[in-house]
Structure formats: C-alpha cells, structure tokens
Amino acid sequence: MIISGLGKAGLRSMANKGACTLMSLCLLACPVAAQTYPSRSITMIVPYAAGGPTDTVARVVADAMGRDLGQRVIVENAAGAGGTIGSLRAAKAEPNGYTLILNHIGMATAPILYPGSVDPLTSFEYIGLVADVPMTIVARRSFQPNTLKELIDYTAKQGNKITYANAGAGTASHICGVLFASETGAQPVTVPYKGTGPAMIDLLGEQVDFMCDQTTNTTNQIKSREIKAYAVTTAQRIPALVDIPSVKEAGLGNLELSIWHGIYAPKGTAAEVAARLTSALQSALKDEVVLERFNQLSALPVSNDQASAAALKAKLTSEITRWKKVLAAEIAK
Ligand code: ASP
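From a predicted model like this one, the values you see are computed outputs, not experimental measurements. (Residues numbered from 1 in each chain as written. Predicted model: local features only at pLDDT ≥ 70, side-chain atom pairs only at ≥ 80, totals over all residues. Heavy atoms only, no water.)

Draft legend 1. Highlighting the state of the cysteines. Under the counting rule described, the total for this entry stands at one disulfide. Two residues, cysteine 176 and cysteine 212, share a disulfide whose sulfurs are 2.1 Å apart. Residues cysteine 176 and cysteine 212 are joined through a disulfide that is right-handed, its torsion about the S-S bond being 65°. Residue cysteine 176 is found in helix H6 (residues 172–184), and its partner cysteine 212 is found in strand E7 (residues 210–214); the two are separated by 36 residues along the sequence. Here cysteine 212 falls in the buried class, since its relative accessible area comes to 1%. (Disulfide = S-S within 2.5 Å. Helix = DSSP H or I, 4+ residues; strand = E, 2+ residues; numbered from the N terminus. Buried < 20%, exposed > 50% of the residue type's maximum accessible area, 1.4 Å probe, protein only.)

Here is the structure:
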C-alpha cells in the first residue's frame, strides 16, 4: 500500500492535515455551532391570523421553548391562502435555526389543494409534534338550530342561504366543513378568513352562521354562552365541555377529527440545531404553565417520543396520503 511507504513523519503530517480538513469542514458545515446557538431571538411563524387557535398553541409553546433556550421565541403571523403563505415563507427562510414554523394538520392538507405551493416533505427539517386538539361545531348565538340533529335538518333545507366560516382551503375548519357536507349534504356558502381568530369575531357579531373550530378558540365562548355548540369532534365528551355531546353520540361518528400540530425548520437547518430545538420542545411540553393552559383549552400534549423529528415526519407522511383520498373531490372542483 502506498501508505506503508510514508513513514511515521508522513503519517503524522497526513493525520494533521486530515484533522485540519475536518475542523475547517465543521467550521463551514456546522456554522451555527450548537455551543453558541441560540444567540438571539427566534421567530416562530404561525400561518394563520393572530388570536386564533393555532396562534394560541404557538404562543404558549413559544414562551416555554424560549425559557428553555434562554432566548425569546417570537410568534409572527403570516396568514393567507389556507396557511400556504406562511409555510412558503418558512420554507424560504435562512436555515440557521432562527426561523421556525408551527402549523397544524394544514401542513399536510393545504398543499394538496394548492399544488406547486410548498412541498412539506422536501422543504423542512422536522422538530416534533406538539399537541392534538379536538374541534367543535359551533354557531352564532341566535342561529335557529339547537342540536346537531336540528343543524343537519336545517342546513339541508336552507341550501346556500346560510354561511359557513373557515380559514381558507385546506385548513382544519375547511376540512371539518367538507366532512360535514359530505355526511349531511349541506351546501352553505363558505366565508373564508385568514384564520378562525377573525372568523370568531364575526361569529360573535352574528355576521356568519356557523363554523367548526378547535377548542383552543371556542372553549371560553362556549362556556360564556356567547356562541352555540352542537358537538365536539371526538368519540367521547371532553372534560372542559362536559355538556356538549360528542359527534358520535350526536349521530355523526364519521366526523371524528383531531387536529395535530408540528414544528418545522427550513430544510438545511443543522442537525445539532434541530436537535436543540427538539429538546426545547420536549421541555416545553413538560412545563407547568403549558400543561395548565393546554388543559383549560383541551389541547393534549404529545408524549416525549412523539415530540421528535421522526414522529412528525411519519405523521405528516401518513396524513398526506390519508387526506389526498378524502380531498380528491375538492381537487376536482
Ligand atoms: N383554526 C384554523 C383552521 O381552521 C386556523 C387558525 O386560525 O388557527 O385551520
């Protein structure tokens, strides 16, 4: 072998050169060295309007992650096009660990309805799953139907004389509406918003008739009877809203829907940085403040092993396959 002819000095010089090359490679390829990261505040994009349910989850988690990271994690709302505007912004951001996105099920569903916008399977590094949140079917205070059964009959009779608010194509509220329509034959006029935060304001003002939204945006308004609630999209009732029947009890078992959330970083974010963010997420999901707030709003934090890159990637991949089938009719429209 050529190497055997080098002698000790030659081998030593080769080893030194190798070490130098490794060091300079690491200086280039591991620029945001895990030792110094994070050295400034981090932006967490929420692809829906402020004051809505995803925004609420993000702000609670961002605060706790910031406590763990020793830097502020600042939520920035980049809403529109069913969340794809924010997802695109996150995908195109510098992959330096200082821009993240927290999105829900819409990361899997919206790109199906906006083909060519963002490919969630190739645009991101995965930080981890966050929480599962049930939805509620709700209406403005004086909307005529009082039970889910009455709502089904009423919407069937009224056709397009009634309105359904959602956060745009591919969002959780849109999917819930699609499932409701396919189960009941309802054909309300859809009123799209940049998020269900502003949709809730119009529901409270009785400008739209009904919608389906996460408990993280409806619990307080249901409890204070400012809006009507017909059902929660779970198999069983939930402790925070014990008076509200489950969709199964109320006769729409096929409308069971749980909204999962995940945190992503732009593709190319260094593995050490992504791992640091995963560990901050895992700490956040054990934080007392987070657990209490989640409990009040019926958000179920994921287990430690689910708050991981592998679990989020697996969830996203299987959900894209699942919803492509369900949304096939919507794609054809
Ligand atoms: N709840 C909304 C949705 O329908 C999004 C949001 O405003 O958080 O997906």
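Draft legend 2. Region of interest: empty space enclosed by the protein. If you walk through the whole model with that rule in mind, you get one cavity of 30 Å³ or more. The space that makes up the largest cavity amounts to roughly 80 Å³. Taken together, 15 residues line the largest cavity, and the ones lying closest to its centre are Pro53, Thr54, His104, Ala167 and Thr196. For the lining of the largest cavity, the secondary-structure elements that each account for two or more residues are helix H2 (53–69), H6 and E7. (1 Å grid on protein atoms, 1.4 Å probe; cavity = no way out; pocket = protein on both sides within 12 Å on 5 of 7 lines; lining within 4 Å. Points joined across faces, edges and corners; volume = space filled by probe spheres on them.)

Draft legend 3. Main features of the site of the ligand. Surrounding the ligand, one finds Tyr48, Pro53, Thr54, His104, Ala167, Thr171, Ala172, Ser173, Gly195, Thr196, Asp213 and Gln214. Protein chains bury 100% of the 270 Å² of accessible surface belonging to the ligand in isolation. Spatially, the ligand is embedded in the largest cavity. At the level of elements, H2, H6 and E7 are the ones that each hand at least two residues to the shell around the ligand. Of the residues assigned to the shell around the ligand, the class counts are four nonpolar, seven polar and one charged. (Near = heavy atom within 4 Å. Areas by Shrake-Rupley, 256 points an atom, 1.4 Å probe, with all protein chains shown as cover. Sits in = over half its atoms within 2 Å of the grid points. Nonpolar A, V, L, I, M, F, W, Y, C, P; charged D, E, K, R; others polar.)

Draft legend 4. Representation of helix H3 (residues 84–92) in the model. Listed as buried for H3 are Thr84, Gly86, Ser87 and Ala90. Viewed end-on, H3 has its buried residues packed into an arc of 160°, placing them on one side of the element. Turning to H3, the residues buried within the fold contact strand E1 (42–46), strand E3 (99–104), helix H4 (106–113), strand E4 (124–140) and strand E9 (258–266). (Arc of directions from axis to C-beta. Contact = heavy atoms within 4.5 Å.)

Draft legend 5. Expanded view of the packing of aromatic side chains. Evaluation of the coordinates by the stated rule reveals seven aromatic pairs. Between tyrosine 126 and tyrosine 264 the ring centres are 5.9 Å apart and the planes differ by 65°, which places this aromatic pair in the edge-to-face class. Linking tyrosine 126 in strand E4 with tyrosine 264 in strand E9, this pair joins segments that are 138 residues apart in sequence. Joined through ring pairs, the aromatic side chains of Phe143, Tyr154, Tyr164, Phe180 and Phe210 make up one cluster. The aromatic ring of tyrosine 98 is capped on one face by arginine 40, whose charged end is 3.9 Å from the ring centroid. (Phe/Tyr/Trp six-rings, centres within 6.5 Å; stacked < 30°, edge-to-face > 60°. Lys NZ or Arg CZ within 6 Å of the ring centre and 35° of its normal.)

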